[in-house]
Amino acid sequence: MPELSNAPVPSPETLVDIYRRMVRIERNDDAIRQTVRRGRLTMPYYSARGQEVIPSAISTLLTKDDQICTIYRGIHDMVAKDMPLRPLWAEIAGRVDGTCKGKGGPMHLTHPESGIMVTTGIVGSSMPIANGLAWAAQLDGSKRVVIANFGDGASNIGAFHESLNLASIWKLPVIFVCQNNGFAEHTRYENATSVDFIAKRAASYNMPGYTVDGNDPLDMYAHAHVAIERARAGEGPTLLECKTFRFLGHVLGDDDFYMTKEEKAAAMAKDPLPALRASLIADGHATEAQLDKIVADIEAEVADAQEFGLNSPLPDVAELRRDVFAEEIAA
Amino acid sequence: MTEMLKMNGIQAINAAMFEAMAADDKVLVLGEDIADREGGGVTGTMKGLSTKFGDHRVRTTPISEQAIIGAAIGAAMAGYKPVAEIMLMNFTTVAMDMIFNHAAKLRFMSGGQTSVPLTIRTLTGAGWQTAGQHSDHLEGWFAHAAGIKVVCPSNPADMKGLLMSCIADPDPCIFVENGMTLFVPGEVAADQGPIPLGKAKVVVEGTDLTIVTWSAQVMRSQMALAGLAEAGISAEIVDLRTISPWDKETVLASVVKTGRALVVHEAVRNFGPGAEIAATINEELFGQLKAPVKRLGGAYCAVPFAKVLEDAFVPQPDDIVAAAKAMMG
Ligand SMILES: Cc1ncc(C[n+]2csc(CCOP(=O)(O)OP(=O)(O)O)c2C)c(N)n1
């Protein structure tokens with residue numbers, strides 16, 4: 001695996017921006033879980049708590065025009081990409097003001113305005129479609145890049161292999177971001193994956209592959225920077241394997257029987273969010289008060305979105321006939 | 001008077017592609033072996049396109065059906081109009097996730113925010129002894145997925161006009177070419193333009209019985225006409241052309257006139273598209289039918305290899321005559 005020489009370093013402002021995005025993900029995630037637990041939302045919820053650094057660092061390098069494809073565990077990717085929270089909440093509540101009028105729900109959120117093009121519940125399917133969006137960017141002659149997010153389990157699916165091969169021969173401006181949290185549902189990484197590092201698989205497709213500490217903002221930023229610059233320069237795709245840990249199991253309510261208490265405790269002790277906060281203060285990049293203000297603003301934004309979403313009206317049943325095709329047809 | 005040209009389905013499809021690509025630079029082509037370097041597609045339907053329109057718009061792909069349809073979906077979402085070739089219809093199974101879970105559903109799941117104006121062209125049809133994994137008619141699978149239009153043309157003029165409509169359509173379409181009809185020449189108007197999707201065509205008028213059919217079975221139904229006439233049966237043949245959404249109006253109007261309906265298709269009869277059509281006719285016209293609606297479809301097995309078995313698998317003209325006679329009772 002190639003190592004980075006002259007790793008790009010985020011500015012202090014960028015580090016604070018990464019922190020802000022991470023807090024927005026964490027506060028939003030917390031509010032969703034509370035609301036589900038209190039019975040005010042009914043939905044399957046796949047928390048990405050613990051994985052905040054990955055999309056937060058990447059998103060500081062993206063423009064509004066850049067696009068992402070993500071998966072059922074992808075609300076963190078969307079929040080990092082500046083998706084407005086009001087329509088997000090209305091959508092997860094199945095309400096009419098949702099991004100998708102309540103027809104997609106938490107596993108199929110879409111918001112092209114923010115560059116969130118596809119959210120899929122089918123493991124591995126973010127990648128083939130991201131390629132097509134990247135092909136369009138190439139044909140448009142634009143500098144737009146596309147991020148394909150997926151899990152470690154997804155790298156064992158045929159679509160992963162087909163997509164890396166195609167992206168490589170077509171030199172597509174796509175970045176394959178594997179968020180390797182060590183588990184696919186209940187199955188441990190090493191019980192289902194033939195290589196010790198997924199990044200090694202990039203070699204088979206003749207593209208750079210990096211194993212990155214997905215909980216370290218500096219490492220994550222540096223590698224995302226290199227991959228995105230490469231894509232923008234027309235040099236083709238990169239595979240980033242970002243090592244992380246999911247703190248809250250596969251799906252909300254999961255009792256984590258498949259992992260040891262020790263490994264979970266050890267991972268949570270390294271929670272990237274308080275760690276970044278501490279280092280921002282220690283390094284003099286921000287004061288306690290500045291960071292508290294960021295948190296308070298985000299809490300207000302989340303509370304407003306929650307209120308809005310839960311109070312949005314239910315969709316009309318006539319929606320069953322709409323958006324099947326561009327034109328409504330009797331069937 | 002419009003000039004009529006004699007051409008087969010391959011030439012008609014090729015003409016549609018040339019016109020569509022020249023008219024709109026958002027039209028793209030991708031698939032295995034489709035560039036001229038590789039021969040312009042397995043039946044040569046894409047010949048000349050890469051030379052004329054360039055490698056960027058016409059791309060030979062690896063043998064990666066999921067990647068082909070996925071790339072086509074993404075490009076379609078970003079404003080292009082890709083035409084993806086899946087060499088044979090059985091190979092769509094490899095890309096079923098992309099077609100069924102994604103192409104067909106993204107508009108609905110996104111509440112109309114994204115659309116997938118994608119055309120999938122594919123080839124199938126019994127009669128070439130390619131057996132179980134190379135000749136299935138799977139239009140019923142796709143018709144069952146809300147959100148994708150299913151087109152099964154039977155002749156060169158329709159192939160040209162319907163393909164042009166598929167490419168222009170804002171939604172995903174699967175365009176199923178039948179190997180038995182592809183090589184048969186027909187008359188195509190020099191200025192043949194788009195033919196609307198979802199509209200059937202009465203190809204033969206009659207008074208006693210309506211045959212509802214499509215694709216190669218239109219040809220076999222026409223071959224049955226002599227036998228039907230001999231039995232004193234005046235048959236009306238309705239070529240459905242689009243399987244989903246299907247043209248209920250034209251079918252029901254014809255059955256009101258004749259009082260009898262026989263649905264004939266090459267797809268396996270069990271749970272096949274004929275069941276949907278027969279059930280609808282029963283629901284709508286129960287009191288007006290002179291006989292129960294009847295279905296003829298492929299046998300409940302994989303398409304067999306041995307010629308004698310393959311012929312028995314597909315409803316043949318004699319089967320159509322026999323079924324019609326039984327309905328006249
Ligand atoms: C094609 C497919 N097979 C199985 C599933 C069921 N499933 C949902 S999530 C999951 C585990 C995926 O693990 P990974 O790719 O590592 O992502 P993570 O959930 O860890 O983020 C499975 C098997 C599915 N959604 N899609």
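Model, not experiment: these values are computed from the prediction. (Residues numbered from 1 in each chain as written. Chains lettered and ligands numbered in written order. Predicted model: local features only at pLDDT ≥ 70, side-chain atom pairs only at ≥ 80, totals over all residues. Heavy atoms only, no water.)

Student: When you look at unusual backbone geometry in this model, what are you seeing that I'm missing?
Tutor: Keep in mind that most residues, glycine aside, have a negative phi and that most peptide bonds are trans. All names here are of chain B. The step from Ser-244 to Pro-245 runs through a cis peptide bond, and the omega angle for that step is -5 degrees. In this structure, Pro-245 sits in the loop between strand 12 (242-244) and helix 11 (248-258). Despite not being glycine, Gln-129 shows a phi value in the positive range, around 55 degrees. According to the relative accessible area criterion, Gln-129 is partly exposed, its value standing at 30%. Of note in the backbone geometry, Ala-131 takes a positive phi value of approximately 65 degrees without being a glycine. Residue Ala-131 is classed as buried on the basis of its relative accessible area, which comes to 17%. (Helix = DSSP H or I, 4+ residues; strand = E, 2+ residues; numbered from the N terminus. Buried < 20%, exposed > 50% of the residue type's maximum accessible area, 1.4 Å probe, protein only.)

Student: I would appreciate a short explanation of the pairing of strand 14 (residues 294-298) of chain B in the present structure.
Tutor: For a regular strand, side-chain orientation follows a simple rule: the groups alternate between the two sheet faces. All names here are of chain B. In the sheet, strand 13 (residues 261-268) pairs with strand 14 via four bridges, with the strands oriented parallel. Each bridged residue has a counterpart across the sheet, and for Val-263 the counterpart in strand 14 is Arg-295. For the handedness criterion, the β-α-β arrangement of strand 13, helix 12 (residues 273-285) and strand 14 is classed as right-handed. (Pairing = 2+ DSSP bridges. Right-handed = clockwise from strand over helix to strand, strands pointing away.)

Student: Sorry, what's going on with the side chain of Thr-114 of chain B here?
Tutor: Following the sequence through the fold, Thr-114 of chain B ends up in the loop between helix 5 (106-109) and strand 5 (119-124). Its relative accessible area of 4% is what places Thr-114 of chain B among the buried residues.

Student: How should the packing of helix 1 (residues 12-37) of chain A against helix 7 (residues 217-232) of chain A be read in this particular structure?
Tutor: When two helices pack together, their arrangement is given by the angle between their axes and by how far apart the axes lie. Residues and elements named next belong to chain A. The contact between helix 1 and helix 7 brings their axes to 11 Å, and the two run at 105 degrees. In terms of axis orientation, helix 1 runs roughly perpendicular to helix 7. For the pair formed by helix 1 and helix 7, the contact residues are Thr-14, Leu-15 and Ile-18 on the first element and Pro-217, Leu-218 and Tyr-221 on the second. (Axes fitted to C-alpha atoms, helices over the stretch in contact; angles between N-to-C directions. Parallel < 35°, antiparallel > 145°, perpendicular 65-115°, else oblique. Contact = heavy atoms within 4.5 Å.)

Student: Help me understand the environment of Ile-58 of chain A, please; the structure alone is not making it clear to me.
Tutor: All names here are of chain A. Mapped onto the elements of the fold, Ile-58 is located in helix 2 (residues 53-59). Considering only alpha carbons, one finds Ile-58 and Leu-41, 17 residues apart in sequence, at a separation of 30 Å. When residues no more than four places from it in sequence are discounted, the contact partners of Ile-58 are Ile-147, Val-177, Met-220, Ala-224 and Ile-228.

Student: Can you help me understand the nonpolar core in this one?
Tutor: What tends to happen in soluble globular proteins is that the nonpolar side chains get buried as a cluster. One finds Phe-176 of chain A together with Ile-69, Ile-73, Leu-118 and Ile-281 of chain B to be the most contacted residues of the largest nonpolar core, which totals 81 residues. Grouped together as the second largest cluster of nonpolar side chains are 57 residues, Ile-58, Tyr-210, Cys-242 and Ala-305 of chain A included. (Core = buried A, V, L, I, M, F, W, Y, C linked by side-chain atoms within 4.5 Å.)

Student: What's the story with the sheet that holds strand 4 (residues 81-86) of chain B in this structure? I'm lost.
Tutor: In a beta sheet, neighbouring strands pair by backbone hydrogen bonds and run either parallel or antiparallel. Residue and element names in this part refer to chain B. Spatial ordering of the open sheet is given by 3-2-4-5-7-6-12, a layout of seven strands whose pairing is mixed. With partners counted over all chains shown, the strands left at the sheet margins are strand 3 (58-60) and strand 12, one partner each. Within the sheet, the average angular offset between the axes of one strand and its neighbour, ignoring direction, is 20 degrees.

Student: What is the right way to read the packing of helix 9 (residues 272-282) of chain A against helix 10 (residues 288-311) of chain A from this model?
Tutor: Residues and elements named next belong to chain A. Contact geometry of helix 9 with helix 10 gives a least axis separation of 10 Å together with a crossing angle of 145 degrees. Across from Arg-277, Leu-280 and Ile-281 in helix 9, the residues of helix 10 making contact are Glu-288, Leu-291, Asp-292 and Val-295. Class assignment for the residues of the contact of helix 9 with helix 10 results in four nonpolar, no polar and three charged. (Nonpolar A, V, L, I, M, F, W, Y, C, P; charged D, E, K, R; others polar.)

Student: Just to check I follow, could you spell out helix 4 (residues 96-103) of chain B for this structure?
Tutor: Of all eight residues that make up helix 4 of chain B, six are buried, and the element is covered over most of its length. Taken together, the buried positions of helix 4 of chain B are occupied by Met-96, Asp-97, Met-98, Ile-99, His-102 and Ala-103 of chain B. Next to the buried residues of helix 4 of chain B lie strand 2 (116-120) and helix 5 (126-140) of chain A together with helix 3 (65-77), helix 5, strand 5 and helix 6 (139-143) of chain B.

Student: In this structure, what is going on with the pattern of salt bridges? I would like to understand it.
Tutor: Pairs can form between side chains of opposite charge whenever their charged atoms are close. All names here are of chain A. In the structure shown here, the tally under the stated rule is 41 salt bridges over all chains. The residue Asp-82 makes a salt bridge to Arg-20 at a minimum N-O spacing of 4.0 Å. A residue pair is termed long-range when its members are at least 10 positions apart, and Asp-82 in the loop between helix 3 (75-80) and helix 4 (85-92) and Arg-20 in helix 1 qualify at 62 residues. For Asp-82, a relative accessible area of 42% puts it in the partly exposed group. (Salt bridge = Lys/Arg side-chain N within 4 Å of Asp/Glu carboxyl O.)

Student: So what exactly am I meant to see when it comes to the interface of chain B and chain A here?
Tutor: Where the parts come together, the accessible area they lose is often given as the size of the interface. With 41 residues of chain B at the contact, the number on the chain A side is 41 residues. Of the roughly 3300 Å² buried at the junction of chain B and chain A (both faces included), carbon and sulfur atoms supply 68%. Counting across the chain B and chain A interface gives zero salt bridges. Seen at the junction of chain B and chain A, the total is 13 residue pairs in polar contact (both at pLDDT 80 or more). Within the residue set of the side of chain B that touches chain A, elements represented by two or more residues are strand 2 (27-31), strand 3, helix 3, helix 4 and helix 5 of chain B. Among the elements that make up the side of chain B that touches chain A, the one with the highest residue count is helix 3 of chain B (nine residues). Along the lines of polarity and charge, the residues of the side of chain B that touches chain A split into 18 nonpolar, 15 polar and eight charged. (Buried area = accessible area lost by both parts, 1.4 Å probe. Polar contact = N/O pair within 3.5 Å; in protein donor to acceptor, adjacent residues only side chain to side chain.)

Student: Looking at this structure, how should I read the site of the ligand?
Tutor: Residues and elements named next belong to chain A. Surveying the vicinity of the ligand reveals 15 residues, the closest of which are Tyr-72, Arg-73, Gly-121, Gly-153 and Phe-183. Between an oxygen atom of the ligand and a side-chain N or O atom of Arg-73, the distance comes to 2.8 Å. Within the contact set of the ligand, a nitrogen atom lies 2.9 Å away from a backbone nitrogen or oxygen of Gly-121. Of the residues belonging to the shell around the ligand, the class tally is seven nonpolar, five polar and three charged. (Near = heavy atom within 4 Å.)

Student: Would you mind showing me how to read the pairing of strand 11 (residues 235-239) of chain B here?
Tutor: Residues and elements named next belong to chain B. Counting buried positions along strand 11 gives five out of five residues, so the element sits mostly inside the fold. Residues of strand 11 alternate between two faces, with Ala-235, Ile-237 and Asp-239 on one and Glu-236 and Val-238 on the opposite face, all of them buried. By the bridge criterion, three bridges tie strand 9 (residues 201-204) to strand 11 in an arrangement that is antiparallel. By the bridge assignment for strand 11, Val-204 is matched with Ile-237. Direction of pairing for strand 10 (residues 209-213) relative to strand 11: parallel, over a ladder of five bridges. Residue pairing across strands places Ile-211 opposite Ile-237, the latter belonging to strand 11.

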